[in-house]
Amino acid sequence: MPIHEKSLIRPENLVEHDELVIDGVDVSGHWSTFIETRAISDYNEDLQDEIGALGGGENIHRCWQCGSCTNACTVNAINPDFNPRYWIYLIRLGMESELVRDKDIIWQCVSCNKCTYACPRDVNPEGVMKATAHWLEMKGHTEKKPSMIFDEAFSEQVFDTGKIEDGLVLRQFFQRTGQPLTQPWLVTLVTGLIKRFPVFYLMRLGLATVFRPRTKGWSRAKAAINEYVEEVEAANRKALKLDAKGAE
Amino acid sequence: MTKPVLIVGGGPAGLSAAHALASAGQKVVMVEKEDRLGGAPILSGYAKLVPSHEWAKDAIGGMVSRVEGNDLVEVHLGTIVDKFDGNPGDFKATLKNGKAIEAGATILTTGFTHFDSVNKPEWGFGTYPDVVTTTQVEQMLSSGAGVKCPSDGREPDRVAILLCVGSRDRQIGREWCSKICCTVSANIAMEIRESLPNCNVYIYYMDIRTFGLYEGDYYWASQEEYKVKYIKARIAEVTSDGKRLLVKGEDTLVKRPISIPFDMVVHAIGMDPNVDNMTISAVFGVDLNKYGYVNKTSTYAHLAETNRPGVFVAGSATGPETIDDSIAQGQAAAMAALNMVRNPVLEAAE
Ligand SMILES: Cc1cc2nc3c(=O)[nH]c(=O)nc-3n(C[C@H](O)[C@H](O)[C@H](O)COP(=O)(O)OP(=O)(O)OC[C@H]3O[C@@H](n4cnc5c(N)ncnc54)[C@H](O)[C@@H]3O)c2cc1C
Ligand code: SF4
Ligand code: SF4
Ligand code: SF4
C-alpha cells in the first residue's frame, strides 16, 4: 500500500468544487478533486527557543532523534499517533503548523517519565511534553484542560493559606469546569465519611471548611511564592513574545 | 652519499614527508606544480582547521616555513615531473622546465582536486550567485571579508549547507565518501553562527559522518552551543523565487516535501581524485584504483607502497584523507623511502 501518499494527502488538503466547468467540461463535485500544496514552505525559527524557555523544555536541542522515548512511551503503546520523538523534531526545526495539528494529543502525556529514563541524550522528553502543552495553551491553541484547572484550584489555595482544604478544591474544580457538585461518587464518599468518622473529626472538618485556617506566619511565605510565580509567568510570556498578563 | 628523495606535491603530506626526511639527515627535492607550497589549505585559503581550530595559514604555514628554511630540502615551484625512469636507488626525473633530477626514491603527495559543483546543475551552482561552495565560505572567513551573499553583499539571515555534493553519488561516478566534509560543514556552520549570530544555519544531510572524536566537538557542539539545525533530506533542486533561493526536497523524517527560502546555499564539496592522476599514472608507472586515486598495494605491511618499487604515495593522493592522516602518511612514506635510499638492494631483493 502506498503509505506515503495516503499520509501526505490529508482531508483538509483535498478541495472539491460544487460547480466547476473547465474548457467546457463539467467537473463539478468529486470530479474536480484537487490536492492543495502539501509542501512545508517555511520554518518558524523561534519555536525551539520558545518551548526551550518553558519549564521542562530546556534540553530539547540535545535530541538526536533516536526514538527511544517514543519506544518507551506509555501513551504511545495505546495511541501510535502519540510520538514525542516526532514532536521534538518538529519543534527543533520550527514546523509549527505540523505541531499544532497534534494539539489534541500532545497534552495526553501521563508524566510517567519512562521516556526520561530511556533517553540517551538527557533531553527529558517528559518535560518537553509538559512545556509543549504549556506552549500550546499559552499561544491559545488549546483550551485549559481539566487537570490544569484542578492544579490551579489546588495551588491557588496552597499559595493563599499554606494548607489544602479538599472540599474547597473540589467545589472550585466542579464550579470552574461547570460540573454539578452532586456527583454520585462524591455523594457516596461524603455520606460514607459522615457515617464512619468520629464526631470530633467531623466537627474539625466543618470548622476548617468555614474558617479556612492558615499556616502560622504564612504571609511572608505567600509573598515570596507569589513573587516567584509572577516572575516565572512574566518570563514565560516574554519568551513567547506575549503581552504582559491581562493585556491579551 | 645516497641520492635525494624526490617528493612530488607540497601539501600537508609532502611537507610532512620532507620534514621527516630532512630531520633524519636525508636530502630532499620537492617539486610543486603551483607557485607556492602548502597544498589545498593554503592554495584554497581555508579558515580555521578541524580539529585544532588553528588558522590554516598559521598551522600549515608553519609546516611550509619549516621546510623552506631547511638546507637539506631543495624546492622547485611552478613545475611538474615530465619524465621518470630508473630503478630503486637510481631514478632520473626530468622536470617540465628542463631540469634533471637524480633520486633514490620518490614519494607522490599530489593530493586531490576539489569537486566542481557545476557538475550538479540541479543545485544551482553557476546559475545563482548566492549558491557557493565550502571552499568559498572558507575564503570569506579567512580573508576577513565575512560571510556575505555574492549577489548583493548582504549578510545572509538564513544559510543552508548541502552535504555530499560530489560524493556518494553514482549518477556522477563518485561513490566514495569524502570523509571530512561533514565535519568541515559543522565547523563552518559554527563559524557562521559566531560571526553572524542572527543568521540561522541548516545542514541538509543523508548521514552525518563526523567520525571519532569529531562527534562531540563538531556534531554536538554545533547543535548544543551554536543551535545549528540538521535536517535529513537529500535536496532535489535549488531554484529561486526571484528574491531568495528556494531549497526543495523531502524532509524524510516527517515525510513531507519542503520548499524553504534561503539567502545562501553552500555546497559541501567532496575530494575528487587529482585531475592530473592519469598523467601521473603514466609518468611514474603507478596504478590507479577503480575510483581514480593512486593505488596503495598494501595496507598493513608497508603503508605507503605503490605497485612500483621505490615509488611511494601518501595523503589524499590515495583517497579522501584528513590533514592529520595525510601528515601521518607522509611520515610513514618518509620512513619507507629512507629505508629504500639507504638499503636499495636489500629492499629490492626482499
Ligand atoms: C573545503 C575543505 C575544507 C577542508 N578542511 C579541512 C580541515 O579543516 N581539516 C582537515 O584535516 N582536513 C580538511 N580538508 C581536507 C584537506 O584539504 C586534505 O586532507 C589535505 O589537503 C590533504 O593534503 P595532501 O598533501 O594530501 O594534498 P593537497 O593538499 O591536495 O596537496 C597536494 C599538492 O600537490 C600539488 N600537486 C598536484 N598535482 C601535482 C603534480 N602533478 N605535480 C606537482 N605537484 C602537484 C598541489 O598543487 C598541492 O600543492 C578540507 C578539504 C576541503 C575540500
Ligand atoms: S512521560 Fe509522557 S511522553 Fe514520557 S513515556 Fe510517559 S507518557 Fe510518554
Ligand atoms: S530518547 Fe531522547 S534523544 Fe532519543 S528521540 Fe527521544 S528525546 Fe530524542
Ligand atoms: S563526510 Fe559527510 S558530507 Fe562528506 S561525503 Fe561523507 S557523508 Fe557526505
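This text follows the structure it describes.
The rules we used
Residues numbered from 1 in each chain as written. Chains lettered and ligands numbered in written order. Predicted model: local features only at pLDDT ≥ 70, side-chain atom pairs only at ≥ 80, totals over all residues. Heavy atoms only, no water. Buried < 20%, exposed > 50% of the residue type's maximum accessible area, 1.4 Å probe, protein only. Helix = DSSP H or I, 4+ residues; strand = E, 2+ residues; numbered from the N terminus. 1 Å grid on protein atoms, 1.4 Å probe; cavity = no way out; pocket = protein on both sides within 12 Å on 5 of 7 lines; lining within 4 Å. Points joined across faces, edges and corners; volume = space filled by probe spheres on them. Nonpolar A, V, L, I, M, F, W, Y, C, P; charged D, E, K, R; others polar. Domains from an automatic or database assignment. Near = heavy atom within 4 Å. Polar contact = N/O pair within 3.5 Å; in protein donor to acceptor, adjacent residues only side chain to side chain. Contact = heavy atoms within 4.5 Å. Buried area = accessible area lost by both parts, 1.4 Å probe. Salt bridge = Lys/Arg side-chain N within 4 Å of Asp/Glu carboxyl O.

As for helix α4 (residues 134-142) of chain B
Among the residues making up α4(B), those that are buried are Thr134(B), Thr135(B), Val137(B), Glu138(B), Met140(B) and Leu141(B). Where α4(B) ends, the next residue or the one after it, Gly144(B), has phi of about 85°, a positive value.

Some remarks on the layout of surface pockets
Residues and elements named next belong to chain A. Estimated volume of the largest pocket: approximately 1400 Å³. Along its surface, the largest pocket is lined by 37 residues, and His134, Glu137, Met148, Asp151 and Glu152 are the ones closest to its centre. Looking at the lining of the largest pocket, the elements with two or more residues in it are α7 (103-106), α9 (125-138), α10 (146-161) and α14 (218-239). Ranked by residues supplied to the lining of the largest pocket, first place goes to α9 with nine residues. Here the lining of the largest pocket is built from residues that sort into 13 nonpolar, nine polar and 15 charged. There are two domains that each give the lining of the largest pocket at least three residues, and those are domain 2 (47-142) and domain 3 (147-229).

Here's the deal with the site of ligand 1
Residues and elements named next belong to chain B. Close to ligand 1 lie 38 residues; Glu32, Val50, Ser316, Glu321 and Ile323 are nearest. Alanine 13 has a polar backbone atom sitting 2.9 Å from an oxygen atom of ligand 1. Take isoleucine 323: an N or O atom from its main chain is 2.7 Å from an oxygen atom of ligand 1. Taken together, the elements giving at least two residues each to the shell around ligand 1 come down to α1 (12-23), β2 (28-32), α2 (39-43), β8 (112-114), α4 and α8 (323-342). Take the shell around ligand 1: its biggest share by element is four residues, from α2.

Quick look at the interface of chain B and chain A
The interface of chain B with chain A comprises 26 residues on the first partner and 28 residues on the second. Of the roughly 2400 Å² buried where chain B meets chain A, counting both sides, 50% is carbon and sulfur surface. Taken together, the links from chain B to chain A amount to five salt bridges. In this structure, Glu224(B) and Arg121(A) form a salt bridge, with 2.3 Å as the shortest nitrogen-oxygen distance. Linking chain B with chain A are twelve residue pairs in polar contact (both at pLDDT 80 or more). In terms of residue count, strand β15 (residues 256-262) of chain B provides more of the side of chain B that touches chain A than any other element does, seven residues in total. Residues of the side of chain B that touches chain A, tallied by class, amount to 13 nonpolar, three polar and ten charged.

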